[in-house]
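Okay, here's what each chain looks like letter by letter:
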Amino acid sequence: MKKLKYALFTGCTAKQSTPEQMMSTMAVARKLNIELIELTEASCCGASHLQDYDDFLSLVLNARNIAYAEKHGLTMVTICNTCQLNTAMTKHRLDKNPELKARVNEKLAEVGLEYKGTSLVTHFLYAIIDDFGLDKIKEMVVKPLSQFNIAPFYGCHNIRPSELQNESHKTPENPYNPTSLDDLIIACGGKNVDYEQKNKCCGFHVELQAPHTAAVLAGSAIAGATDNNADMMVTPCPLCHLKLDTQTKSSSEAVGREVSLPVLHMQQMIGLALGCSAAELGLKHNVTEINFL
Amino acid sequence: MSINKISTQKVNFKVFRFNSDVDYLPYYEDYTMDVTSEEVVLDILNRIKWDHDGSFSYRRSCRHGICGICAIKVNGRSTLACKESMSTMIEYFGNDLTIEPLSTKRAVKDMIIDKGDFWEKHAAVTPYLVADIDECPSCENLVSPHDAEELDDADLCIQCGACHYACPVVEINSDFFGPAAFAAAYRFEADVRDSDGQRLIDVNEEKQGVWDCVKCIECTEVCPKGIDPFSKITKLHQMAFKKGVAKNNVATRHAVGFLHSIKRNGVLDEGGLVLYSEGVSIVKHIPVALQMFRKGKIVMPWNIVKSDNLDEIQKLIKSSSTVKF
Ligand code: SF4
Ligand code: SF4
Ligand code: SF4
Ligand code: SF4
Ligand code: FES
């Protein structure tokens, strides 16, 4: 197989509050022989909040990020659901609307850039599924996670709105019955746990302005996984991860019972199955104790 | 002309039953039926009533996706029964389907629910045009096609409630207006003839307003009319800033804080954002922050790796900003 090569949009979280996500992304890429060119020029995507403030500016900034991936002639890979949503949404709107694209490009020209629409924007999860293949992952597993029940937590911004999301990858995902993360768990040798909250929201985005709502959502998700015998959770989004991993105290208070499960980044889970070390995967940065190592 | 072949398959239905007059608790009844690829969900409801149990209750009227009365849930997904094809449901969920009302806790009889909270929220957003229009005008009050496009199909909402009862916040925060009410508010805020000054302020109020939306996008996903309430919510946020009615609070500072951070670093300064948004209330985050710090999850502001070519980003912010706060 030809060596896979992508332009990596890390987003801000992987560089700050979830260093373990960055470490495990690189560790997994090394194992799979995938080359990731980091887009060090990229700005923050605005996380859907800048979008609430200034729509045009957020389009320009995201188009600039994509333009850098286009310069490399590569597909842009994201490792954060919300980055994926905002970047893919920008691409969708500019590709569908030549007038808007021209207005954005007029601005980008001031800094010598152009958005063409030539690069696909896809989340690492789907790049692995579409381009690398779960069968190949399965063959490469050296330490299957067969002793664990693992609860997938998909995160809204990778599955909704499905019309947009399904433009970004080949394997279609049904937002009411998503399977990609379940399939990945199985490929890593684990047992996937079905539970009501797997495709629901964790509340991360309103943590500051509506802390109770956010805590109820996160708490219910961890409780749902626990009640279905999960030993741990796994998520493709660093924001979901922050909410589920670092906020167990407020989550527990909100749902009136102690809830806490180890939460792995999808990359950490793959890395474990492929035989990466705990240090390579940054497991010491996870807040909720990884109790099986 | 090609003729699609009609196929038939067996489907097991688990159907929610409850009569608030006589039952304390709901229960589920099982029915197995041959379902053809031509049928919609409403056909199944009809067949349950006509072929199995005449007391089975549900609402329907137009059968054309217009009256908005027939919305129910199939395997937890809100759907408009007369519009949703059975083949799609089988494709989504397989051959075991659970039929429930939009909200089981609001059930009155079987599929029929008390939609009172939905209508209350709807009424609260002044869902009508407020305009000083001459009662005996001498000419038409024209709206240009360009201005009409601003409504962005929000006027096509049929008030079916599918989005409202799919919204997680509606169930947690009883003050929250919900996606359908926001879409209605947007429909009139976007209307060039409207001159109401209060509506936009009301839908930006804490607890009830758009700032409490968790951005899960469930509403957009379920809407049978393609209204996309989530993008209307985004527009209501933007309008509040544009029209200068956005209050200075933790939610608005959180949005504006992204701009400040990007201007300074290109990337986000996570700690700085929380500090800017919360002000002195930052103290309540200290326990979690300390825990994160111990795990090496906090990057100090002076250690943040800025974006390369930051000058480009700053230049673009200067030339492309369209809002001031
Ligand atoms: S979503 Fe978060 S991590 Fe991704 S770029 Fe935006 S702020 Fe950064
Ligand atoms: S689950 Fe939470 S953090 Fe994850 S994508 Fe949804 S809102 Fe964002
Ligand atoms: S996006 Fe907002 S309004 Fe829509 S369902 Fe989610 S929380 Fe409710
Ligand atoms: S926005 Fe869509 S789902 Fe919500 S009430 Fe209107 S038509 Fe129904
Ligand atoms: S019966 Fe009128 S919308 Fe379904």
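Quick caveat, the model's predicted, so the values are computed rather than measured. (Residues numbered from 1 in each chain as written. Chains lettered and ligands numbered in written order. Predicted model: local features only at pLDDT ≥ 70, side-chain atom pairs only at ≥ 80, totals over all residues. Heavy atoms only, no water.)

### Quick look at the interface of chain A and chain B
Heads up, the condition is: Here a residue-residue contact requires only that any non-hydrogen atoms of the pair lie within 4.5 Å. A simple way to read buried area is as the amount of 1.4 Å-probe accessible surface that goes missing from two parts once joined, with both sides added. Between Lys or Arg on one side and Asp or Glu on the other, a salt bridge is scored when a side-chain nitrogen of the former is within 4 Å of a carboxyl oxygen of the latter. Whenever two N or O atoms come within 3.5 Å, that pair is a polar contact, provided that in protein one can donate a hydrogen and the other can accept it, and provided that, for residues adjacent in sequence, both atoms are side-chain atoms. Each helix is a run of DSSP H or I of at least 4 residues and each strand a run of E of at least 2, with the numbering of both proceeding from the N terminus. For this classification, the nonpolar set comprises Ala, Val, Leu, Ile, Met, Phe, Trp, Tyr, Cys and Pro, the charged set comprises Asp, Glu, Lys and Arg, and every other residue, Gly included, is treated as polar.
Every contact between the two is made by 66 residues of chain A and, on the other side, 62 residues of chain B. For the pair chain A and chain B, the summed buried area comes to about 5,600 Å², and 61% of that belongs to carbon and sulfur atoms. When the buried area of chain A at its contact with chain B is split by residue, A:Tyr53, A:Tyr176 and A:Leu208 rank highest and sum to 17% of it. Linking chain A with chain B are four salt bridges. When the shortest N-O distance is used, the salt bridge between A:Arg64 and B:Glu312 registers 3.0 Å. The interface formed by chain A and chain B includes 29 residue pairs in polar contact (both at pLDDT 80 or more). The set of elements that each furnish at least two residues to the side of chain A that touches chain B consists of α1 (19-32), α2 (50-53), α3 (55-72), α5 (98-109), α8 (156-159), α11 (211-227) and α12 (238-246) of chain A. The element contributing the most residues to the side of chain A that touches chain B is α3(A), with seven residues. Within the side of chain A that touches chain B, the residues separate by chemical class into 29 nonpolar, 23 polar and 14 charged.

### Observations concerning the site of ligand 3
All names here are of chain B. Operational definition: Near residues are defined by distance, with any heavy atom within 4 Å of the molecule or strand qualifying the residue.
With respect to spatial proximity, the complete set of residues near ligand 3 consists of Cys167, Val169, Pro179, Cys213, Val214, Lys215, Cys216, Ile217, Glu218, Cys219, Phe230 and Ile233. Elements with a contribution of two residues or more to the shell around ligand 3: α8 (218-222) and α9 (229-242). Taken together, the residues that form the shell around ligand 3 break down as 10 nonpolar, no polar and two charged.

### A few points about the packing of α11(A) against helix α13 (residues 248-255) of chain A
All names here are of chain A. The condition is simple: Axis definition: a line fit to C-alpha positions, over the contact stretch in the case of helices; interaxial angles, taken between N-to-C directions, run 0 to 180 degrees. Working definition: roughly parallel below 35 degrees, roughly antiparallel above 145 degrees, roughly perpendicular at 65 to 115 degrees, and oblique for all remaining angles.
Running from N to C, α11 and α13 cross one another at 90 degrees; their axes reach a closest spacing of 8 Å. With respect to their mutual orientation, α11 and α13 come out roughly perpendicular. Across the interface between the two elements, Ala215, Val216, Ala218, Gly219, Ser220 and Ile222 from α11 touch Thr248, Ser250, Ser251, Ala254 and Val255 from α13. When its residues are assigned to classes, the contact of α11 with α13 shows six nonpolar, five polar and no charged.

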